[in-house]
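# Chain and residue survey
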Amino acid sequence: MEEIIDDTNDILEEVDDTEEDVKEIDLESVDEKPTKANKTIVAICQTCNKPIYDTNKIKHVETKKHVGRSTVVNRLTICENCYLKYNQKLKKIEEQKVEDYNKDLKKRLTKSLTLSFLYGLLGIVIGALLGGGLGATLLGIGAFTFSACLYLGNNVVGDVWLSVATWSIHLPGMIFGFDLHGFILFFVFKLAIAILSFVFSIILIILATLVGMIVSIFVYPFALVKNIRKVPDQLR
């Protein structure tokens, strides 16, 4: 709801546009009208500038405005009519968010079934080239569930893959002399570290993918049900 509250300034401006323009309110002229002679103005609507005569019809809304890194909160007094229109616009915004969210779920589900199927076939082909048998089938299933979980995006498979792929090792420092021999050793050491880092990164990516495949086999059924049931954990 935070984004909806942040949009209250724009919503109130739209509500204001639907009202008649009231530039000034002459309190004396209002009191002189026969229908308002015995009524007292208790508040002025800060949206449409119309007088409010009944305290029960005074409504309050809070608006948020971002100024740099800080947030300024204003409490506005509005009439019952503007409050009704304000809630109607909030409801439309909420309905639009739900509609967009459902479209995103459908798009993710389609990708998880179509593209992941192709990745599964690719996994079976690679497994067949490596030896075939049960391993090829498991590799195909793992490739399908792994990519499907990533497309669905409502599970921990992506976090597991990233945590394994970003493992790092700390090598001990070395001291080199400032002579020619020391500089040669320094560049050789840097080159060796670069090659080892590249190889280590490739190994980590392969390991992270294998771990992700294993985890995804157990996670995928729950992720699929979660998407189909439209669990609103990603709705903001």
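Overview of the structure. Quick caveat, the model's predicted, so the values are computed rather than measured. (Residues numbered from 1 in each chain as written. Predicted model: local features only at pLDDT ≥ 70, side-chain atom pairs only at ≥ 80, totals over all residues. Heavy atoms only, no water.)

## A look at the overall build of the chain
Of the regular secondary structure elements, the chain holds seven helices and four strands. Ordered by position in the sequence, the α and β elements of the chain form the string α-α-α-β-β-β-β-α-α-α-α. The buried share among the 236 residues of the chain stands at 24%. Nonlocal contacts in the chain, meaning residues at least 24 apart in sequence, comprise 65% of its contacts between residues at least 6 apart. Counting every atom, the chain has about 16,500 Å² of accessible surface; 63% of that belongs to carbon and sulfur. (Helix = DSSP H or I, 4+ residues; strand = E, 2+ residues; numbered from the N terminus. Buried < 20%, exposed > 50% of the residue type's maximum accessible area, 1.4 Å probe, protein only. Contact = heavy atoms within 4.5 Å. Areas by Shrake-Rupley, 256 points an atom, 1.4 Å probe, with all protein chains shown as cover.)

## Some thoughts on helix 6 (residues 157–165)
Taken together, the buried positions of helix 6 are occupied by Val157, Val164 and Ala165. An end-on view of helix 6 places all buried positions within 95 degrees of arc, on one side of the element. Against the buried residues of helix 6 lie helix 5 (134–152) and helix 7 (180–228). (Arc of directions from axis to C-beta.)

## Structural notes on the packing of helix 5 against helix 6
Geometrically, a packed helix pair is captured by the angle between its two axes and the distance between the axes. The geometry of helix 5 relative to helix 6 is characterised by a closest axis approach of 8 Å and an angle of 110 degrees between their N-to-C directions. Of the possible angle classes, the one that applies to helix 5 and helix 6 is roughly perpendicular. Of the residues in helix 6, those touching helix 5 at Phe146, Cys149 and Leu150 are Val157, Gly158 and Trp161. Residue composition of the contact of helix 5 with helix 6, grouped by class: five nonpolar, one polar and no charged. (Axes fitted to C-alpha atoms, helices over the stretch in contact; angles between N-to-C directions. Parallel < 35°, antiparallel > 145°, perpendicular 65-115°, else oblique. Nonpolar A, V, L, I, M, F, W, Y, C, P; charged D, E, K, R; others polar.)

## A closer look at the pattern of salt bridges
For the structure shown, the criterion picks out two salt bridges. Two residues, Asp104 and Arg108, come together in a salt bridge whose shortest N-O distance is 2.9 Å. Of the two residues, Asp104 and Arg108 are both situated in helix 4 (residues 80–130); the distance of four residues between them amounts to about one turn of the helix. Classification of Asp104 by relative accessible area gives partly exposed; the value is 30%. (Salt bridge = Lys/Arg side-chain N within 4 Å of Asp/Glu carboxyl O.)

Remember, this is a structural readout, not a statement about activity or role.
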